[in-house]
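Coordinate inspection notes
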Amino acid sequence: MTSHRIAIVPHTHWDREWYQSYQEFRLNLVDMVDALLALLESDVSYPYFLLDGQMAMVDDYLEVRPENEDRLRSLAAAGRLDVGPWYILMDEFLASGETIIRNLQMGLVRAAAFGGAMEVGYLPDMFGHIAQMPQILRLAGFADAVVWRGVPSSVTKDAFVWEAPDGSAVRTQYLPTGYSNGSALPDEAKALVERVADHVEEAGEFALGEVLYMNGSDHLKPQPWLGRVVAEANGLQDELVFRVTTLPEFLSAAPSGGLEHWKGELRSGFRSDMLMGVTSNRVDVKRLGGLVTRELEGRAEPLAALFQSPSEWPQRQLELAWKEVVRNSAHDSICACSVDDVVDAVMHRYAEARAVAKGLADRATTSLAISLSEPGPHVLNPVHRTRGGLVELVVGASGPPGDHVQVLSERTGGPGPMVLDADTVRSILGMLESPQIEHDAWLQAIVVEEDDQGIDVTFAIGPEQRSDVPIAQIKRDIYARLEARPDAVVRFGLDQPPTRRIVARVGEVPGYGWMSFGPVALSHPAQVSRPGGPVTLSNGLVAVEVDGTLGTFSLNGRPGYGRLVDGGDLGDSYNYSPPTEDSFVDSPDAVSVRIDEDGPVRARVVVTANYRWPDHLDAGSQARVGDRSVEVETVLELRADESAVRVTTSFVNPSRDHRLRVHLPLPEPARTSLAESAFAVVERGLTVEGRPDEFGLPTAPAHRFVSAGGLTVVHDGVCEYELIEIATSPSGDFASTVALTVLRSTGMLSRSGMAYRPFPAGPQTPVEGLQMVGRPISLRYALAIGADDPFALADDILLPLEVVDSPGGGSRPSSGRELSISGAEVSAVRRVGGVLEVRVFNPRSEPTTVTIDGQSGWLVDLRGYPQDPFEGSFELRPFGLATARLNGGY
Ligand SMILES: [Zn+2]
């Protein structure tokens with residue numbers, strides 16, 4: 001028998017929260033690290049420990065044991081502990097690309113305080129891996145990745161070259177039997193030898209060099225007998241040569257020549273569970289996550305960076321908001337394959353991050369408003385691309401509405417003067433602190449007049465935002481007059497001219513710029529008609545006809561969009577599983593259609609469909625039983641001069657154990673889909689690799705959009721989709737429909753005996769929240785046929801133009817822009833050390849020139865190290881990612 005060399009790497013895998021809450025797991029974390037520190041300090045035969053590649057463990061521990069920071073630091077500095085590089089072990093498909101980068105940057109910065117991060121892209125438990133991960137790792141200076149899940153059948157050895165779409169590649173150590181292959185080592189040498197000999201039988205054919213034996217598993221403590229048992233095992237026999245080593249040391253000695261090669265994402269279930277159903281459980285988590293990401297990445301950072309001074313940059317507030325988002329990106333957190341306490345915490349962290357981000361964005365827009373020279377409404381474009389679009393605002397209604405404007409509602413003027421006594425006047429004034437009376441109503445002035453009969457106090461109220469009304473001074477004036485004439489009659493009046501809420505289309509607003517509001521003529525006005533037949537919306541670019549029986553709609557004559565198909569799901573938080581006796585509900589009992597807005601700027605109809613969905617799955621027969629009535633409201637919206645149809649489907653979920661999908665026919669049959677993933681659009685086929693332990697279900701996540709067969713669907717929050725209705729032809733298989741998962745209800749964290757995954761993937765714990773019963777569910781999406789730029793469409797749908805109301809008197813002109821970026825998609829605009837930093841990516845297969853008008857600076861890597869200077873523009877390779885720091889001027 002040939003001898004095998006066995007490299008043992010002691011570690012633990014620490015899910016911060018999962019089948020227990022964060023605090024419950026942390027009690028064990030503190031015990032584990034306490035024991036680890038004592039062990040490493042007292043026993044040199046226990047040489048090393050890998051703290052799971054994530055700094056959150058260190059912070060969580062030190063929050064309880066701050067006194068042990070120096071002990072941790074000394075051990076890390078001595079190479080006995082490896083920390084970082086991540087802040088947390090995120091899910092790569094559900095977290096945004098920017099979240100993944102911030103996670104890595106947070107981890108690197110925090111690890112620097114402990115002597116530096118482990119220089120390995122350690123990705124042990126993620127449910128598959130994104131295509132651009134090798135590029136992200138390379139841009140952060142890493143040459144190695146370590147992965148388990150998602151590796152395809154074509155990789156047959158325990159190392160391969162993994163290449164990103166841009167050509168960046170990392171040597172990737174594959175853990176064919178996971179990160180727990182050497183968990184819980186026996187404390188007796190003979191037993192260890194036997195066990196490892198068995199493992200070599202099972203997995204040895206993968207090994208190109210030493211067999212990597214990962215001594216640890218989920219929440220496992222170190223085994224103090226490691227050094228002794230390894231020494232004894234080496235003394236006992238010659239066939240297995242054991243050594244305890246560090247992960248970086250193992251990798252530095254591992255073979256790197258002649259490796260197999262893989263390009264793109266890793267989503268195969270050929271050898272390990274992909275757990276693809278995590279994309280569609282707890283859809284509320286995914287949709288709130290999308291919203292938070294937009295507020296933080298798409299509004300708070302760029303708007304604060306561009307419209308506030310460097311000294312006002314809210315560094316710490318943003319760090320705190322990002323910390324919540326990064327913590328939520330942990331694979332068991334964002335995937336919601338967790339107990340309800342955990343998902344509640346995830347939702348709360350998102351709510352906190354959103355409140356911070358929205359508040360900061362609103363401050364930045366206020367900053368812009370008060371800096372403008374002209375008073376009145378202005379339109380702000382929060383994205384880099386110059387574009388027109390619709391805005392909604394409240395204006396005075398003294399005259400006719402004017403051309404090209406659609407009136408949504410009118411508000412009549414305020415009541416006439418009332419006679420009040422002095423005490424009532426004092427109490428009214430006592431409540432008056434700010435000029436904002438209501439959301440759209442601002443105090444414009446307070447007029448005080450006096451005559452022989454008494455005192456007239458008039459509040460002038462209007463829609464224009466004001467900050468210059470001297471409230472305190474006027475209050476003092478009125479109190480003085482009341483003091484002087486205690487018996488005077490006070491006539492209190494509101495001068496509130498009528499207002500109207502309007503929607504109008506505005507012309508091209510420069511990217512990261514603004515323009516005073518002015519409606520433009522409509523080339524393709526939106527119309528609704530109901531000529532005694534079905535309701536239709538049209539604008540000359542696209543036509544929508546509602547089917548009043550099925551509740552679906554046609555797009556340009558092609559019927560069947562918006563068909564809701566409800567089937568059973570006897571799965572768990574990780575995987576969908578159809579019951580043996582499945583039945584589907586795909587047509588409503590009754591449909592009504594109401595016209596909500598009839599154009600010309602915006603047309604909206606509301607389709608209300610009443611369905612009867614089964615109540616739950618019978619555990620014995622696996623049949624769907626009982627029935628529940630549910631009212632599903634679908635709002636269809638068509639705007640002037642836009643070819644996208646916006647759809648929002650909402651209902652309160654009445655049923656258990658089911659999966660609801662919306663079917664969207666493809667204009668042309670499709671063999672592949674193109675879906676947004678982090679910094680890329682990935683092409684996926686009709687099938688994925690699986691195995692008997694986990695069926696290769698080709699459901700997949702899309703960040704903001706998926707395109708197939710000429711249809712582009714932009715959606716709110718990461719969404720699960722599948723190409724379905726597959727037809728076989730001599731030239732191959734084609735799909736004719738894309739299904740989006742609206743909701744998946746299951747009541748189990750994990751389960752065994754499922755149709756698509758027989759063995760459990762976690763504890764078999766009932767989790768009521770996974771059923772989503774009684775919860776409002778809403779899916780917002782937009783459909784476009786033949787859209788040439790899905791990124792532009794996604795920006796239009798998800799980051800619309802905004803209205804800011806200027807009091808006037810500032811220095812910015814009535815139109816302008818703060819930053820001009822073209823030639824690539826923008827992922828981030830923020831300040832780093834006072835300097836403006838821009839991150840862009842090229843989602844296309846051609847090289848591009850990224851132009852940042854009038855700016856020079858340095859391209860930097862993801863650690864902030866300068867790479868190349870640029871003047872005005874730089875070249876970006878196909879599918880490349882680049883970070884630019886701008887010199888002066890900002
Ligand atoms: Zn895990």
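Look up a bit, the structure's there.
This is a predicted model, so every value here is computed, not measured.

Focus on the environment of Gly-402
Tracing the chain through its elements places Gly-402 in the loop between strand E12 (387–396) and strand E13 (405–411). Take Gly-402: its relative accessible area is 44%, and that puts it in the partly exposed class. Residues Gly-402 and Leu-303 lie 99 residues apart in sequence; the distance between their C-alpha atoms is 32 Å.

Remarks on the packing of helix H1 (residues 22–42) against helix H2 (residues 56–64)
The interhelical angle for the contact between H1 and H2, taken along N-to-C directions, is 85 degrees, at an axis separation of 9 Å. Taken together, the axes of H1 and H2 are roughly perpendicular relative to one another. When H1 is examined against H2, the residues Tyr-22, Arg-26, Leu-29, Val-30, Met-32, Val-33, Asp-34 and Leu-37 are found in contact with a partner set consisting of Met-57, Asp-60, Tyr-61, Glu-63 and Val-64. Per-class residue counts for the contact of H1 with H2 are nine nonpolar, no polar and four charged.

Examining the coordination of the zinc ion
At 2.1 Å from the zinc ion lie its protein donor atoms, namely His-13 (NE2), Asp-15 (OD), Asp-125 (OD) and His-331 (NE2). Coordination at the zinc ion comes from four donor atoms whose angles at the metal span 85 to 170 degrees, giving a geometry best classed as irregular. Going along the chain, you hit the donors of the zinc ion in the pattern H-x1-D-x109-D-x205-H. Placement of Asp-15 in the loop between strand E1 (4–10) and H1 and of Asp-125 in the loop between strand E4 (121–123) and helix H5 (133–139) is noted, with a sequence separation of 110 residues between them. Note on accessibility: Asp-15 and Asp-125 belong to one class, buried.

Some remarks on the sheet that holds strand E8 (residues 211–215)
Reading across from one edge, E8-E1-E9 is the order of the three strands in this open sheet, with parallel pairing throughout. A strand with exactly one partner marks an edge of an open sheet, and here the two such strands are E8 and strand E9 (240–244). Sheet twist, expressed as the average angle between the axes of neighbouring strands with direction ignored, equals 25 degrees. Relative to E8, E1 runs parallel, the two sharing five bridges. Bridge assignment links Ile-8 to a residue of E8, and that residue is Tyr-213. Helix H7 (residues 226–236) rests against E1, E8 and E9 of the sheet, and its axis sits at about 155 degrees to E9.

Some thoughts on the packing of aromatic side chains
In this description, an aromatic ring pair is defined by two values, namely the gap between the centres and the angle between the planes. By the definition in use, this model includes 16 aromatic pairs. Seen in terms of ring centroids, Trp-18 and Tyr-19 are 4.8 Å apart; in terms of plane orientation they differ by 65 degrees. Their pairing is edge-to-face. The class for Tyr-19 is partly exposed, based on a relative accessible area of 32%. Judged by centre distance (4.6 Å) and plane angle (35 degrees), the rings of Phe-695 and Tyr-756 are tilted. With Phe-695 in the loop between strand E35 (680–684) and strand E36 (700–702) and Tyr-756 in the loop between strand E40 (732–745) and strand E41 (776–785), this pair connects stretches of sequence that are 61 residues apart.

Some points on the pairing of strand E20 (residues 513–516)
Across three bridges, the pairing between strand E11 (residues 376–380) and E20 is antiparallel. Across the sheet, Leu-380 pairs through a bridge with Trp-514, a residue of E20. Bridge analysis of E20 against strand E43 (residues 815–817) gives three bridges, and the strand direction is antiparallel. Following the sheet pairing, Met-515 is matched in E43 by Ser-815.

Remarks on the environment of Gln-855
Mapped onto the elements of the fold, Gln-855 is located in strand E47 (residues 848–860). Residues Gln-855 and Gly-872, 17 residues apart in the sequence, show an inter-C-alpha distance of 4.9 Å.

Some remarks on the sheet that holds E41
Strand order in this open sheet of nine strands is E27-E28-E31-E32-E41-E38-E37-E34-E35, and the pairing throughout is antiparallel. In this open sheet, the two strands that pair with only one neighbour each are strand E27 (590–598) and E35. In this sheet, neighbouring strand axes are inclined to one another by 20 degrees on average, regardless of whether the strands run parallel or antiparallel. In this structure, strand E38 (residues 711–715) lies alongside E41, joined through five bridges in antiparallel fashion. By the bridge assignment for E41, His-715 is matched with Tyr-781.

Here we look at the layout of surface pockets
Reported here for the second largest pocket is a volume of approximately 740 Å³. What lines the second largest pocket is a set of 26 residues, and nearest its centre among them are Gln-105, Met-106, Val-109, Glu-319 and Arg-830. Put simply, the parts of the chain that give the lining of the second largest pocket at least two residues each are helix H4 (97–112), helix H10 (315–328) and strand E45 (825–832). No other element matches H10, which puts seven residues into the lining of the second largest pocket. Tallied by class, residues from the lining of the second largest pocket come to eleven nonpolar, four polar and eleven charged.

Observations concerning H2
Given 3.6 residues per helical turn, the α-helix brings residues three or four places apart onto the same face. Across the nine residues of H2, seven count as buried, placing the element largely inside the fold. Turning to H2, the residues buried within the fold contact H1, helix H3 (69–77), H4 and H10.

Describing the side chain of Asp-566
Here Asp-566 is to be found in strand E26 (residues 563–568). When its relative accessible area of 0% is taken as the criterion, Asp-566 is described as buried. At a separation of 2.6 Å, a polar atom in the side chain of Asp-566 contacts the side chain of His-658.

Digging into the nonpolar core
Residues Leu-51, Met-133, Ile-136, Phe-242, Leu-819 and Val-840 are the most contacted members of the largest nonpolar core, which totals 153 residues. In contact with Met-133, other than residues within four places in its own chain, are Trp-86, Met-90, Glu-92, Ile-100, Leu-123 and Trp-162. Residues Tyr-561, Val-662, Leu-723 and Ile-777 belong to the second largest nonpolar core, which totals 53 residues.

Some thoughts on empty space enclosed by the protein
Taken as a whole and assessed by the stated rule, the structure comprises eight cavities of 30 Å³ or more. Of the volumes computed, that of the largest cavity is approximately 700 Å³. What lines the largest cavity is a set of 42 residues, among which Ser-96, Thr-293, Glu-297, Glu-676 and Arg-704 lie closest to the centre. Secondary structure elements with two or more residues in the lining of the largest cavity: H4, helix H9 (283–307), strand E34 (673–677), helix H15 (790–798) and E45. With nine residues, the single largest contributor to the lining of the largest cavity is H9. Class assignment for the residues of the lining of the largest cavity results in 20 nonpolar, 13 polar and nine charged. Approximately 110 Å³ is the volume found for the second largest cavity.

Some details on the pattern of salt bridges
Proximity of charged atoms lets side chains of opposite charge pair with each other. Under the defined criterion, the tally for this structure stands at 70 salt bridges. Between Glu-642 and Arg-505 there is a salt bridge whose closest N-O contact spans 3.8 Å. Taken together, the positions of Glu-642 in the loop between strand E31 (628–639) and strand E32 (645–652) and Arg-505 in strand E19 (residues 499–509) put the pair 137 residues apart, joining distant regions of the chain. Its relative accessible area of 11% is what places Glu-642 among the buried residues. What makes Arg-505 buried here is its relative accessible area of 12%. Across the salt bridge formed by Glu-837 and Arg-885, the nearest N and O atoms sit 2.8 Å from each other. In this pair, Glu-837 sits in strand E46 (residues 835–841) while Arg-885 sits in strand E49 (residues 881–886), placing the two residues 48 residues apart along the sequence. Its relative accessible area of 2% is what places Glu-837 among the buried residues.

Criteria and thresholds
- Residues numbered from 1 in each chain as written.
- Predicted model: local features only at pLDDT ≥ 70, side-chain atom pairs only at ≥ 80, totals over all residues.
- Heavy atoms only, no water.
- Helix = DSSP H or I, 4+ residues; strand = E, 2+ residues; numbered from the N terminus.
- Buried < 20%, exposed > 50% of the residue type's maximum accessible area, 1.4 Å probe, protein only.
- Axes fitted to C-alpha atoms, helices over the stretch in contact; angles between N-to-C directions.
- Parallel < 35°, antiparallel > 145°, perpendicular 65-115°, else oblique.
- Contact = heavy atoms within 4.5 Å.
- Nonpolar A, V, L, I, M, F, W, Y, C, P; charged D, E, K, R; others polar.
- Donors = N, O, S within 2.8 Å, 3.2 Å for Na, K, Ca; no water.
- Tetrahedral: all angles 85-135°; square planar, octahedral: opposite > 155°, others 65-115°.
- Pairing = 2+ DSSP bridges.
- Phe/Tyr/Trp six-rings, centres within 6.5 Å; stacked < 30°, edge-to-face > 60°.
- 1 Å grid on protein atoms, 1.4 Å probe; cavity = no way out; pocket = protein on both sides within 12 Å on 5 of 7 lines; lining within 4 Å.
- Points joined across faces, edges and corners; volume = space filled by probe spheres on them.
- Polar contact = N/O pair within 3.5 Å; in protein donor to acceptor, adjacent residues only side chain to side chain.
- Core = buried A, V, L, I, M, F, W, Y, C linked by side-chain atoms within 4.5 Å.
- Salt bridge = Lys/Arg side-chain N within 4 Å of Asp/Glu carboxyl O.

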